[in-house]
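Summary of structural features
Listed below are the residues making up each chain.
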Amino acid sequence: MDENLKIIPFKWELGEEKVSLHIGEYQYDDRLYIGITSHGEDGPEPFADMTVNLPAFSLEPNEAFINGDISRDLLAFIKENKLGKVLPYTVKQGFGKYSVVAFDLEKLKEFDPKGIAEFKKSHDIPDKQPRKQKQKSKGIDR
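Residues numbered from 1 in each chain as written. Predicted model: local features only at pLDDT ≥ 70, side-chain atom pairs only at ≥ 80, totals over all residues. Heavy atoms only, no water.

Points about the side chain of R31
We count it as follows: Here a helix means four or more residues in a row that DSSP labels H or I, a strand means two or more in a row labelled E, and each is numbered from the N terminus. Any residue under 20% of the maximum accessible area for its type is buried, any over 50% is exposed, and the rest in between are partly exposed; the area is computed with a 1.4 Å probe on protein chains only. As used throughout, the charge tally considers Lys and Arg to be positive and Asp and Glu to be negative, leaving His and the chain termini uncounted. What makes a salt bridge here is a side-chain nitrogen of Lys or Arg within 4 Å of a carboxyl oxygen of Asp or Glu, nothing more. We call two residues in contact when some of their heavy atoms are within 4.5 Å.
Tracing the sequence through the fold places R31 in the loop between strand 2 (15-25) and strand 3 (32-40). Within the buried set, R31 has no salt-bridge partner at all; the shortest N-O distance to an opposite charge, 4.0 Å, is to D29. With sequence-adjacent residues up to four places away left out, R31 is seen in contact with G24, E25, Y26, N53, L54, P55, F57, S58, L59, F65 and F119.

Laid out in structure tokens, this is it:
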């Protein structure tokens, strides 16, 4: 197991899980995929897909539809951990209704730096450069 893996609690209707996030892309449309891995006594195992791919709708590269199966718990987790902003609309697909989140890719990078780097490269998204402190100008004697 990766020693630097960020593991945090995920509270849901059946209790609490210790989880990590995995960032990738869906095969179709290369959209943002976020998977959740549970870390229990038996080791890591897949827990849930945070996102779903709905190709009929347009999204920005950092946006994704939230899995409808446990969406209430997922949205609470996203807000609690400041992973992104829940957008003020939902979309309907079949019998489901899906919330949309604009994810903070820099925040997701804390969980899966390699996954985010590959995603950004695939979408030509530049890395944020650290902000340089403005130097105070010193008065010049003339």
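Structural notes on the pattern of salt bridges
Scanning the model with the defined rule gives seven salt bridges in all. For E110, the salt bridge identified is with K6, shortest N-O distance 2.7 Å. Here the residue E110 occupies a position in the loop between helix 2 (105-109) and helix 3 (113-122), and K6 occupies one in the segment before strand 1 (8-12), the gap between them amounting to 104 residues. Classification of E110 by relative accessible area gives partly exposed; the value is 38%. A salt bridge links E16 to K18, with the shortest nitrogen-to-oxygen separation between them at 3.8 Å.

A word on helix 3
Convention followed: Starting at the helix axis, one direction is taken to each C-beta atom, and the arc is that of these directions.
Of all the residues in helix 3, the buried ones are G115, I116, F119 and K120. Looking straight down helix 3, one finds its buried side chains confined to an arc of 130 degrees; they lie on one side. Exposed residues lying more than 90 degrees from the buried face of helix 3 are K114 and K121. Of the surrounding elements, those touching the buried residues of helix 3 are strand 2, strand 3 and helix 2. Once helix 3 finishes, D124 follows within two positions and takes phi at roughly 50 degrees, a positive value.

Considerations on helix 1 (residues 71-80)
If you check which residues of helix 1 are buried, you get D73, L74, L75, F77 and I78. Following helix 1 by one or two positions, K82 has its phi on the positive side, about 55 degrees.

Observations regarding the pairing of strand 6 (residues 63-66)
Filter applied, for reference: Note on pairing: two strands pair once DSSP finds at least 2 bridges between them.
Across two bridges, the pairing between strand 5 (residues 51-52) and strand 6 is antiparallel. Bridge pairing in strand 6 places T51 opposite I66. Pairing of strand 6 with strand 8 (residues 96-103), which is carried by three bridges, proceeds in the antiparallel orientation. Residue pairing across strands places F65 opposite V100, the latter belonging to strand 8.

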